[in-house]
Amino acid sequence: MLRNVILQILQFFYQALPKVVPWQTFRYLACGGGNTVLDICLYYVCYNFILHQQMVHLGPVSMSAHIAALFMSMAVTFPTGFLLSKYVVFSESNLRGRVQLLRYFMLVGICIVLNYLLMKIFVDHLHLYATVGKICTTVLVVTFSYLTQKKFTFKVKQQA
């Protein structure tokens, strides 16, 4: 039911765009964009108001606030991203759900590493403000994620 509501809302906004962008790409941009905005907002709140830009100490392990906020925001947005991708964006995929989930988790792992490395580069080495670094990281990771989801995670398997 929620899927249908989301699709109806997207269809309403898509009416002016069918000649500009394919329907699937629009769904990905809308769902991914909404999830990305959620991710950046959660990151900002976690970094500034929950962690107060302070190091996080977990027993013998310490981590920078900008890295801890990254993991905190991803704990919410990766599950929502999978559900939107599976049921709204790439719903025509005929791969089994568990195959999609396994592939998505592999993609998530790669995206976590990419997020971590890019945040380290942008914030620690290039000295960008953490939120700006997060936005730059997001642009790169989202592009990689879309291509991977379309061609691998939720691909349509050709019938023999």
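In case you missed it, the structure is sitting above this.
Residues numbered from 1 in each chain as written. Predicted model: local features only at pLDDT ≥ 70, side-chain atom pairs only at ≥ 80, totals over all residues. Heavy atoms only, no water.

1. A few points about the packing of helix H4 (residues 97-125) against helix H5 (residues 130-153)
Part 1 of the argument: Here H4 crosses H5 at 155°, and the two axes come no closer than 9 Å. Judged by the inter-axis angle, H4 sits roughly antiparallel to H5. For the crossing formed where H4 meets H5, the hand is right-handed.
Part 2 of the argument: Its residues assigned to classes, the contact of H4 with H5 shows 16 nonpolar, eight polar and two charged. (Axes fitted to C-alpha atoms, helices over the stretch in contact; angles between N-to-C directions. Helix = DSSP H or I, 4+ residues; strand = E, 2+ residues; numbered from the N terminus. Parallel < 35°, antiparallel > 145°, perpendicular 65-115°, else oblique. Left-handed = near helix turned anticlockwise from the far one by under 90°. Nonpolar A, V, L, I, M, F, W, Y, C, P; charged D, E, K, R; others polar.)

2. Focus on the pattern of salt bridges
Where charged atoms of side chains with opposite charge meet at close range, the side chains can pair.
Part 1 of the argument: Per the stated rule, a full pass over the model turns up three salt bridges.
Part 2 of the argument: Residues glutamate 92 and arginine 27 are paired through a salt bridge, measuring 3.4 Å at the closest nitrogen-oxygen approach. Remark: arginine 27 occurs in helix H2 (residues 23-50) and glutamate 92 occurs in the loop between helix H3 (65-89) and H4; sequence separation between them is 65 residues.
Part 3 of the argument: Relative accessible area serves as the criterion here: at 39%, glutamate 92 is assigned to the partly exposed category. (Salt bridge = Lys/Arg side-chain N within 4 Å of Asp/Glu carboxyl O. Buried < 20%, exposed > 50% of the residue type's maximum accessible area, 1.4 Å probe, protein only.)

3. Topic: the packing of aromatic side chains
Part 1 of the argument: What the rule picks out here adds up to 13 aromatic pairs.
Part 2 of the argument: Look at tyrosine 28 and phenylalanine 90: their rings are 6.2 Å apart centre to centre, the planes differ by 50°, and that puts the pair in the tilted class. In this pair, tyrosine 28 is assigned in helix H2 and phenylalanine 90 in the loop between H3 and H4, connecting sequence segments 62 residues apart.
Part 3 of the argument: Clustering of aromatic rings is evident, with ring pairs tying together Tyr28, Phe82, Phe90, Tyr104, Tyr146 and Phe154. (Phe/Tyr/Trp six-rings, centres within 6.5 Å; stacked < 30°, edge-to-face > 60°.)

What is shown is where atoms sit, not what they do.
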